[in-house]
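What follows is the residue order along each chain.
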Amino acid sequence: MRNKNLIIVLTILVSALCLYYLSFSLISRNVQKDAAAYATDAQGNVDLAKQQTYLDSIWREPVFMNYTYEQVSSKELGLGLDLKGGMHVVLEVSPVEIIKSLSGNSKDPNFLKALARAQELQKNSQESFTTLFGEAYREVDPTGRLSRIFSNSSNRGRISYESSNAEVLNVIDGEVEDAIDRSFNILRTRIDKFGVNQPNIQRLKGSGRIQIELPGVDNPDRVRKLLSGMANLEFWEVWTPEEFSPYFAKLNDYLTAQEKAGKLNLGTTAAAQQDALNKAAAPAATVAPQTEDVLAQAAATDTTTGTTDTTALAQTTPAADGLDSLAAEQSSVLARLFTMMPSGLGANVRDTAKINDILTSPEVRSIFPSNMKFLWSVKPITGDNRQEFVEFYAVKKGRGGKAPLGGDAINDARQDFDQSGRPEITMNMNPAGAKQWARLTAANVERQIAIVLDDNVYSAPVVKGEITGGNSSISGNFTVEEAQDLANILKAGKMPAPTRIVEEAIVGPSLGQEAINQGLISTLAGLLLVVIFMVAYYSRGGLIADLALVFNIFFILGVLAQFNAALTLPGIAGIVLTLGMAVDANVLIFERMREEARKGLSMREVINKGYDKAFMTILDANVTTFLVGFILYYFGSGPVKGFAITLMIGIVTSFFTAVFISRLFVEATFKKGGKLAFSTALTDKLFSNIKFDVMKYRKAAYSFSIAVLLLGIVALVVNGGPNLGVDFKGGRSYVVEFDSAVPASEIRSSLVDDFQSAGTEVKTFGATNRVKIITSWLADDESIEADEKVKTALVQGLEQYNNLNPEILSSSKVGATMADDIQKTALVAVLLALVGIFLYVMLRFRKWQFSLGGVIALLHDALMIIAVFAILDMFGISYEMDQVFIAAVLTIIGFSINDTVVIFDRVREYMNDNPRSPLKDLVNPALISTFSRTIITSSTVFLVVLVLFIFGGEVLRGFSLAMIIGVLFGTYSSLFIATPVVVDTMKEKKEPAASLKSTPQAQTAR
């Protein structure tokens, strides 16, 4: 074996890296166990608040190799929503409001008609909304000029009266993209404040949508309000420390009296947490009330200056003698709650909730003036001891409790650089806003003005003079990124971009735990079957293959951890499927070795030739399957993307373990024992006398396939179309559990009236006492109000079963436009997979007939799965065709082309060895020589997906059924469709047949 030492070193390095990254998951689980033990009382009850307190206390503390718990938890192999429970949401930023705002809320009838028409077009198009709006405006007013609508004061310098429609649309498109970016940043900040562990937020490519995954959330209503709420940008006047320190002195006296009376318990402050945990021998460090590092970082200076006719503003450190004296009294209540910072008061992040509770109590509110409001800075400051602090601000309420100036006053805000090359933010206000800004700055010279978004202070510069003209700049100790973020925050108030939820899925923790159990059982059962089969068939060689399989699983999990991916239920399905497909490479190698051994070669030559001759076949088969996985990943979302990641990783690791690691074990075993067996007495001659004529039965096979497909078309017509899932047709679905079984038909009857006779399906889901309810009622209405309306109707419809305690375990929603996009994306994914495979096969085999035969066979397999699903549906066996179903179809395409490429490779080998022989004379020997490998691999994958079907749970039952059908028809098409099509389309040279150089019966598999 060449480069043996390199392979050994690489294996050790990869194993070490996988072990290193997986260790974070182990450490994190141990910390969570310690937290649970700390929060468990004598009766075994877990205090969740106390458990979270423990985790918060060590969030910044080293728990593993100088890594803090925060860093460890961010590196662990996380669990997806379907395993852990939580919420998946896809939000769409409304471009309609952005365009209306750009137009100055124009009432032009053609403009409004074009907007309405664009919204209609969007339901059946994947073009950007700006493009659709342009098309709609040309349709409504062919000679109309958009510049007449959009050339206003807020667009001065970008759109003039002479601007062409194309130029106007370019500006609109840029503003829509900016709005999506701003919404993304705002949502990210909101989610960070929400306190979800390992949240995932990302923009979906080529759309105005943002995908958010929140594992473990238990308050979906709060999440919906959090994500759908409008960004609220405001400018507030700030009380100086000298002005509010007398009130805080009164607060300190009040709290001290309350504590002495036993009515106040500050045992959950940062310092008190540390004391309690230290006594409990928990690994934590004492929190200092203030550190030089905190003061140094908090002293970052903001300077706000005006351009031309503006007066400079500079950030200064306000005097706070009263607060200093209070903080100096270390035994005072305020000293335990607050810490001194350059701008005044601040607090440990962990204490802010307690402080908020105190400040919002009626007794404490009576101490302060009615126009005083308390806010926190958005960005924590981290000290050397890894504790986080936020600054505390007291702002002045205006008339009616409102801010004196809102975000709608801002025309534009951009990140720029000052004369010294330092990052700054330039801000331009509209005429009305400029007047208000001038009055506000004039009244607050040498005082702070807080820039607040969603009640979080982003900056609080000090005014140095009145600013007129509406042009200002804010500069200071910013990084470029911080300046860009603040510019986005300021700009967020200019054009409101409301968001709407177009897809939503909620998974309850109980369902998640069940999914974990089912996934683990199916994985272990699949692994056990493969291990037993390989040993029974290949003897000691099978043990080596099993060892390589263990390495394969270890590498898959390790690589997932390195990429910080989350393990999902489809991901587990990908691992289970990889177990079956990984065997194929070993089967190819071992069958080739058995073939070479029958030629009388030495064991050393058998090993070398077996691996060398199988290498390119394995590579070709893996590349085609990897191509399908890549297309799945690029076009998929949610569970499909998780499955694709696992599949691609599994393909790479299985190639490495089968081709290189297994060879290390094979050679080591041979070197030690001097011999090596690759078969048992039972399997040695199992496929040695196979004889069949594929070409003889090809027309019968064609007729059979056409008959099944026609029957499938009839079934689709009878059924009224395919049984599409919610993610393809739009609507809402709910998983409901009862104390005992209830007939699905009865539940449907009770719900039809409540859902106003809209399309409603009810079917048993995983257990006799659990059903899945799907309705298309209000599918076009994607508002939160509609969600509540449908859910209320569901609850009302289930009232007659209240004695059985119906519980909604999970819910999901897909809007009509989102469903349309998912359908088109799925179709594009399938077509691209076929095109990619066609090109690759043509490149490798140099004849388009091989590509055509392969693609026809793959298209045959995909249509067969759909046809059989439709036929089963006609007989009452109904499974949805959803995104996971498409994943199964694409996986079968990858599996089937794997099998087909192996056969094509042997046909090509025979063609090269016998160039004068007619192709039809070479096909049968090639198929016979690869028959054992085809049956063994197909049987192994079939066993694995059968286990998945039985034990994988209802969530994956449709997927595994599609895989079972696909494996059967994929094997059939590789034998009776793909190769015969190649023969029927390839022109033969009229030359006498020559005998084969190698006897077919002496060949086994490759």
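In this text the structure is predicted, and so the values were computed from the model without any measurement.

Calculation criteria
Residues numbered from 1 in each chain as written. Predicted model: local features only at pLDDT ≥ 70, side-chain atom pairs only at ≥ 80, totals over all residues. Heavy atoms only, no water. Helix = DSSP H or I, 4+ residues; strand = E, 2+ residues; numbered from the N terminus. Buried < 20%, exposed > 50% of the residue type's maximum accessible area, 1.4 Å probe, protein only. Contact = heavy atoms within 4.5 Å. Areas by Shrake-Rupley, 256 points an atom, 1.4 Å probe, with all protein chains shown as cover. Core = buried A, V, L, I, M, F, W, Y, C linked by side-chain atoms within 4.5 Å. Salt bridge = Lys/Arg side-chain N within 4 Å of Asp/Glu carboxyl O. pLDDT = per-residue confidence, 0-100. Expected span 1.5 Å × (residues − 1). Arc of directions from axis to C-beta. Phe/Tyr/Trp six-rings, centres within 6.5 Å; stacked < 30°, edge-to-face > 60°. Axes fitted to C-alpha atoms, helices over the stretch in contact; angles between N-to-C directions. Parallel < 35°, antiparallel > 145°, perpendicular 65-115°, else oblique. Left-handed = near helix turned anticlockwise from the far one by under 90°. Nonpolar A, V, L, I, M, F, W, Y, C, P; charged D, E, K, R; others polar.

**Description of the overall build of the protein**
- For the protein, the count of helices and strands is 34 helices and 26 strands.
- Of all 1006 residues assigned to the protein, the portion counted as buried reaches 54%.
- For the protein, the proportion of contacts with a sequence separation of at least 24, taken over those separated by at least 6, is 76%.
- For the protein, the computed accessible surface area is about 42,600 Å², with 57% contributed by carbon and sulfur atoms.

**Looking at the nonpolar core**
- Counting 119 residues, the largest nonpolar core has M593, F850, F869, L890 and I893 as its most contacted members.
- Among the elements that make up this core, the one with the highest residue count is helix α31 (residues 883-913) (18 residues).
- Residues contacting M593, with those up to four places away along its chain left out, are V606, I607, G610, Y611, V666 and F678.
- Counting residues in hydrophobic clusters, the runner-up holds 40 residues, among them M87, V96, A114 and I501.

**Regarding the pattern of salt bridges**
- Enumeration according to the criterion identifies 19 salt bridges in this entry.
- Note that R158 and E175 form a salt bridge whose closest N and O atoms lie 2.2 Å from each other. Here R158, found in the loop between α8 (147-150) and α9 (165-194), pairs with E175, found in helix α9; they are 17 residues apart in sequence, far enough to count as distant.
- Looking at E175, the relative accessible area reads 2%, which means it is buried.
- Connected through salt bridges with shared partners, the residues R592, E596, K599, K613, R906 and E909 form a single ionic network.

**A word on the confidence of the model for the protein**
- Of all residues in the protein, 82% have pLDDT values of 70 or greater, and the mean over the chain is 77.
- Per-element confidence in the protein ranges from a low mean pLDDT of 31 for helix α13 (residues 292-298) to a high of 91 for helix α25 (residues 698-719).
- Taken together, the stretch residues 990-1006 has pLDDT below 50 and engages in 53 contacts with residues farther than four places along the chain or on a different chain.

**Regarding helix α6 (residues 109-122)**
- For α6, with 14 residues, the first-to-last C-alpha span of 20 Å sits near the 20 Å given by 1.5 Å per residue.
- Residues of α6 that are buried include every one of F111, A114, L115, A118 and Q122, and no others. Seen from one end, α6 has its buried residues packed into an arc of 100 degrees, which puts them on one side. Among the exposed residues of α6, those oriented more than 90 degrees off its buried face are P109 and K113.

**Let's talk about the packing of aromatic side chains**
- For the coordinates displayed, the defined rule picks out 36 aromatic pairs.
- Aromatic side chains Y537 and Y538 sit 4.7 Å apart centroid to centroid with 65 degrees between the ring planes, which places their arrangement in the edge-to-face category.
- Using a relative accessible area of 5% as the deciding quantity, one classes Y537 as buried.
- You can call Y538 buried: its relative accessible area is 0%.
- Taken together, the ring pairs connect F244, Y247, F248, F338, F368, F374, W376 and F392 into an aromatic cluster.

**Describing unusual backbone geometry**
- At N105, a residue that is not glycine, the phi angle is positive and equals roughly 55 degrees.
- Within the secondary structure layout, N105 lies in the loop between α5 (95-102) and α6.

**Let's talk about the side chain of S960**
- Relative to the helices and strands, S960 is located in helix α34 (residues 957-985).
- Contacts of S960, omitting those with residues within four sequence positions, involve V945, L948 and F949.

**Description of the packing of helix α32 (residues 919-929) against α34**
- Axis separation between α32 and α34 bottoms out at 10 Å; the angle between their running directions is 160 degrees. The angle between α32 and α34 places the two elements in the roughly antiparallel class. Judged by the sense of rotation from one axis to the other, the crossing of α32 with α34 is right-handed. For the pair formed by α32 and α34, the contact residues are L919, K920, V923 and L927 on the first element and S974, L975, T979, V982 and V983 on the second.
- Considering only residue class, the contact of α32 with α34 consists of six nonpolar, two polar and one charged.

**What to know about the packing of α25 against helix α30 (residues 848-874)**
- Relative to each other, α25 and α30 sit at 45 degrees, their axes nearing to 8 Å. Here α25 is positioned oblique relative to α30, judged by the angle of their axes. Regarding α25 and α30, the two cross each other, and that crossing is left-handed. Here S705, V708, L709, L711, G712, A715, L716, V718 and N719 of α25 come into contact with α30, specifically with H860, L863, M864, A867, A870, I871, D873 and M874.
- Partitioning the contact of α25 with α30 into residue classes produces twelve nonpolar, four polar and one charged.

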